[in-house]
Amino acid sequence: MLGDRFGELNEEIAACRRCPRLVTFREGVVPKKCFQETYWKKPVAGFGDTEASILLLGLAPAPHGGNRTGRIFTGDQSARFLMKALFNTGLSNQNHSEHADDGLELRGVYVTASVKCVPPQNRPSALETKNCSAFLQREFLLLKRLKVVLALGRHAFEAYLSLAAKRGELKSAAFSHGAFIPFKSLPLLIGSYHPSPQNTNRGLLTTRMLEEVLERAKRESGWEQFKNK
Ligand code: SF4
């Protein structure tokens, strides 16, 4: 069963301690007083529709978002921005993502990060990214209907190019919002600015811009047919 295989992978991810610096950092995050719950403080696996045609690939969990709630793109400003756009484009059943049990369902979309542990200053090292790419590769192998990878930010964009190179499709491509990189036998890559407050507060990424790349991902992936199956 596909669900079991994702379950096994996600349990393995949650138990991983391969990168000592990231283990120390994720476990040492000091909880904010405004949050009552115990922080997750473990690696954060992907979530969503295992029959997805679109993968949203982020950088890593946020200290008080995924590292708190245990679900990627949940409980912080980036999640609020992203979920509003997903809902507006028909890719989710609700426009918010606050807790792991809040009822959020993604439609034809799976969301994950290229590095599953929160890194200091949002900057994983090259070795940490390489270590975690083994999990990302396994997610790709399980997402059998995938047609489009929408990379949220430069790091995710480059992580996918690196993964493609390992699978024999070497490409050099510059990251930009709207970058469109087709491959011979792999899901195509679309670039987007990351929905972090650093980008959204200064208007580098607007809701409309994000919705436009999501609509493009829908068209390119044949999402309309996929979602009805
Ligand atoms: S970043 Fe990835 S490989 Fe490193 S400890 Fe976290 S889950 Fe393991």
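Residues numbered from 1 in each chain as written. Predicted model: local features only at pLDDT ≥ 70, side-chain atom pairs only at ≥ 80, totals over all residues. Heavy atoms only, no water.

Q: I keep staring at the site of the ligand and nothing clicks. Help me out?
A: Every residue lining the ligand is accounted for by Cys16, Arg18, Cys19, Leu22, Pro43, Val115, Lys116, Cys117, Asn131, Cys132 and Phe135. If you map the ligand onto the pockets, it falls in the largest cavity. At 3 residues, helix H5 (residues 126-142) tops the list of elements feeding residues into the shell around the ligand. Taken together, the residues of the shell around the ligand sort by class into 8 nonpolar, 1 polar and 2 charged. (Near = heavy atom within 4 Å. 1 Å grid on protein atoms, 1.4 Å probe; cavity = no way out; pocket = protein on both sides within 12 Å on 5 of 7 lines; lining within 4 Å. Sits in = over half its atoms within 2 Å of the grid points. Helix = DSSP H or I, 4+ residues; strand = E, 2+ residues; numbered from the N terminus. Nonpolar A, V, L, I, M, F, W, Y, C, P; charged D, E, K, R; others polar.)

Q: Whenever I open this one, the sheet that holds strand E3 (residues 109-113) confuses me. Can you help?
A: If you walk across this open sheet you meet the 6 strands as E1-E3-E2-E4-E6-E5, and the pairing is mixed. Of all the strands in the sheet, just strand E1 (47-48) and strand E5 (180-181) have a single pairing partner and so form its edges. Note: strand E2 (residues 54-58) against E3, 5 bridges, orientation parallel. Note that in E3 the partner of Leu57 across the bridge is Thr112. On the sheet, H5 packs against E2, E3 and strand E4 (148-152) and is oriented at approximately 170° with respect to E3. (Pairing = 2+ DSSP bridges. Contact = heavy atoms within 4.5 Å. Axes fitted to C-alpha atoms, helices over the stretch in contact; angles between N-to-C directions.)

Q: How should I be thinking about empty space enclosed by the protein in this particular structure?
A: Unfilled space is identified by rolling a water-sized probe across the atoms. Enumeration according to the criterion identifies 1 cavity of 30 Å³ or more in this entry. Mapped by element, the contributors of at least two residues to the lining of the largest cavity are helix H2 (20-28) and H5. Per-element tally for the lining of the largest cavity: the top contributor is H5, with 4 residues. Tallied by class, residues from the lining of the largest cavity come to 10 nonpolar, 1 polar and 5 charged. (Points joined across faces, edges and corners; volume = space filled by probe spheres on them.)

Q: So what exactly am I meant to see when it comes to the packing of aromatic side chains here?
A: On inspection of all chains with the given rule, the structure shows 6 aromatic pairs. Residues Phe6 and Tyr110 carry aromatic rings whose centres are separated by 5.2 Å and whose planes lie at 40° to one another, so their mutual orientation is tilted. Taken together, the residues span a long stretch of sequence, with Phe6 in helix H1 (residues 2-14) and Tyr110 in strand E3 at a distance of 104 residues. By the burial criterion, Phe6 is buried, and Tyr110 matches it. Seen in terms of ring centroids, Tyr160 and Phe183 are 5.6 Å apart; in terms of plane orientation they differ by 90°. Their pairing is edge-to-face. Residue Tyr160 is located in helix H6 (residues 154-166), and its partner Phe183 is located in the loop between E5 and strand E6 (188-192); the two are separated by 23 residues in the primary sequence. For the pair Tyr160 and Phe183, a shared accessibility class is recorded, and that class is buried. These aromatic residues form a ring-pair network of at least three members: Phe140, Tyr160 and Phe183. In this structure, Arg71 packs its charged tip against the face of Phe47, placed 4.9 Å from the ring centre. Just above the ring of Phe180 sits the side chain of Arg216; from NZ or CZ to the centre is 3.9 Å. (Phe/Tyr/Trp six-rings, centres within 6.5 Å; stacked < 30°, edge-to-face > 60°. Buried < 20%, exposed > 50% of the residue type's maximum accessible area, 1.4 Å probe, protein only. Lys NZ or Arg CZ within 6 Å of the ring centre and 35° of its normal.)

Q: Sorry, what's going on with helix H4 (residues 77-88) here?
A: Given 3.6 residues to a turn, an α-helix orients residues that are three or four positions apart in the same direction. Here H4 is 12 residues long and its end C-alpha atoms lie 17 Å apart, about the 16 Å a rise of 1.5 Å per residue gives. Those residues of H4 hidden inside the fold are in contact with E2, E4, helix H7 (197-200) and helix H8 (207-221). (Expected span 1.5 Å × (residues − 1).)

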